[in-house]
Amino acid sequence: MKGGSGSTSRLVAALMACRGRLQAFIRGRIRGAADVEDILQEITYQLFRVEQPVENVAAWLFRAARNEITDLGRKKRELPFSGLAIEGDESEFAENELAETLFGVPQTPEDEYLKALLWDELAAALAELPQIQREVFEKTELDGYSYQALAEETGASIQALLSRKHKAVLYLRIRLQEFWDDLSANSPENIGKKS
């Protein structure tokens, strides 16, 4: 924020004066305590980066909180890579096992080898995606970008980024599921069961 320490101390005083109400406002609209703290930190950060003077700090904070809650709701509605199984679907177990193998800690040398195979297959599948889909998937899933940061970097709208990622996730889900099914069908315990 521009304007010196007088402006900063005024913002801090206003923030502290309405922090409890603001926290209650956010908590009343979302479930996770960690999300409440994340939103409070984000809007505090935004407040101190505002270029123009803020006349009514409390109103600005509540509006910013409402916007962050809306953004959080959009992110939660998005289909995460590891959570695409349909409830009750027979592939749900296989997808959970696939996600656990990719992102879990290997317990045996076989698990480690399988994890390496899956990461190689994921890299190959990512290479098959159109560049704009691959970029949004890699940056949001693997590099930890927020959609807002990626939108600012690329110039694309958040909605466009969500659409690109959704397409990428659907493709990767099918591609990795086929690979996983092939691995499972050819595993030593299943080879004797083939007729």
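Parameters and conventions
- Residues numbered from 1 in each chain as written.
- Predicted model: local features only at pLDDT ≥ 70, side-chain atom pairs only at ≥ 80, totals over all residues.
- Heavy atoms only, no water.
- Helix = DSSP H or I, 4+ residues; strand = E, 2+ residues; numbered from the N terminus.
- Buried < 20%, exposed > 50% of the residue type's maximum accessible area, 1.4 Å probe, protein only.
- Contact = heavy atoms within 4.5 Å.
- Areas by Shrake-Rupley, 256 points an atom, 1.4 Å probe, with all protein chains shown as cover.
- Expected span 1.5 Å × (residues − 1).
- Core = buried A, V, L, I, M, F, W, Y, C linked by side-chain atoms within 4.5 Å.
- 1 Å grid on protein atoms, 1.4 Å probe; cavity = no way out; pocket = protein on both sides within 12 Å on 5 of 7 lines; lining within 4 Å.
- Points joined across faces, edges and corners; volume = space filled by probe spheres on them.
- Nonpolar A, V, L, I, M, F, W, Y, C, P; charged D, E, K, R; others polar.
- Salt bridge = Lys/Arg side-chain N within 4 Å of Asp/Glu carboxyl O.
- pLDDT = per-residue confidence, 0-100.

## Considerations on the overall build of the protein chain
- Within the protein chain, the regular secondary structure consists of nine helices and zero strands.
- A buried classification covers 33% of the 195 residues belonging to the protein chain.
- Sequence separation of at least 24 residues holds for 59% of the intrachain contacts in the protein chain that already meet a minimum separation of 6.
- For the protein chain, the accessible surface area stands at approximately 12100 Å², while carbon and sulfur atoms represent 53% of it.

## Thoughts on helix α6 (residues 131-142)
- Between its first and last C-alpha atoms α6 spans 15 Å; for twelve residues at 1.5 Å apiece the expected length is 16 Å, and the two agree.
- Listed as buried for α6 are Gln133, Val136, Phe137, Lys139 and Thr140.
- Contact partners of the buried residues in α6: α5 (109-128), α7 (147-154) and α8 (158-185).
- One or two positions beyond α6, positive phi appears at Gly144, with a value near 75°.

## Section: the nonpolar core
- By size, the foremost hydrophobic cluster in this structure holds 22 residues, and its most contacted members are Leu22, Ile26 and Leu61.
- Of all the secondary-structure elements, those providing two or more residues to this core are α1 (5-27), α2 (33-49) and α3 (57-77).
- Here this core gets eight residues from one element, more than from any other, and that element is α3.
- Setting aside anything within four residues of it in sequence, one finds Leu22 in contact with Leu40, Ile43, Leu61, Phe62 and Ala65.
- Among the nonpolar cores identified, the runner-up in size contains 13 residues, and Leu126, Leu129, Leu172 and Phe179 belong to it.

## Overview of the layout of surface pockets
- Counted as a void, the largest pocket has a volume near 630 Å³.
- Listed by contribution, the elements that provide at least two residues to the lining of the largest pocket are α2, α3, α7 and α8.
- The element contributing the most residues to the lining of the largest pocket is α2, with eight residues.
- Of the residues assigned to the lining of the largest pocket, the class counts are seven nonpolar, four polar and nine charged.

## Considering the pattern of salt bridges
- Under the criterion given, the structure shown has six salt bridges.
- Ionic pairing is found between Lys165 and Glu141, a salt bridge with its closest N-O pair at 2.7 Å. Here Glu141 lies in helix α6 and Lys165 lies in helix α8, a separation of 24 residues in the sequence.
- Assessed through its relative accessible area of 31%, Glu141 is described here as partly exposed.
- Connected through salt bridges with shared partners, the residues Glu121, Glu128 and Arg175 form a single ionic network.

## Concerning the confidence of the model for the protein chain
- Overall, the prediction assigns the protein chain a mean pLDDT of 77, with 78% of residues at 70 or greater.
- Put simply, helix α9 (residues 188-191) is where the protein chain has its lowest mean pLDDT, 50, and α7 is where it has its highest, 90.
- Throughout residues 82-91 the model reports pLDDT below 50, and contacts reaching past four residues in sequence, or to other chains, amount to 13 contacts.
- This stretch, residues 190-195, has a pLDDT under 50; its non-local contacts, to residues over four places away or in other chains, come to five contacts.

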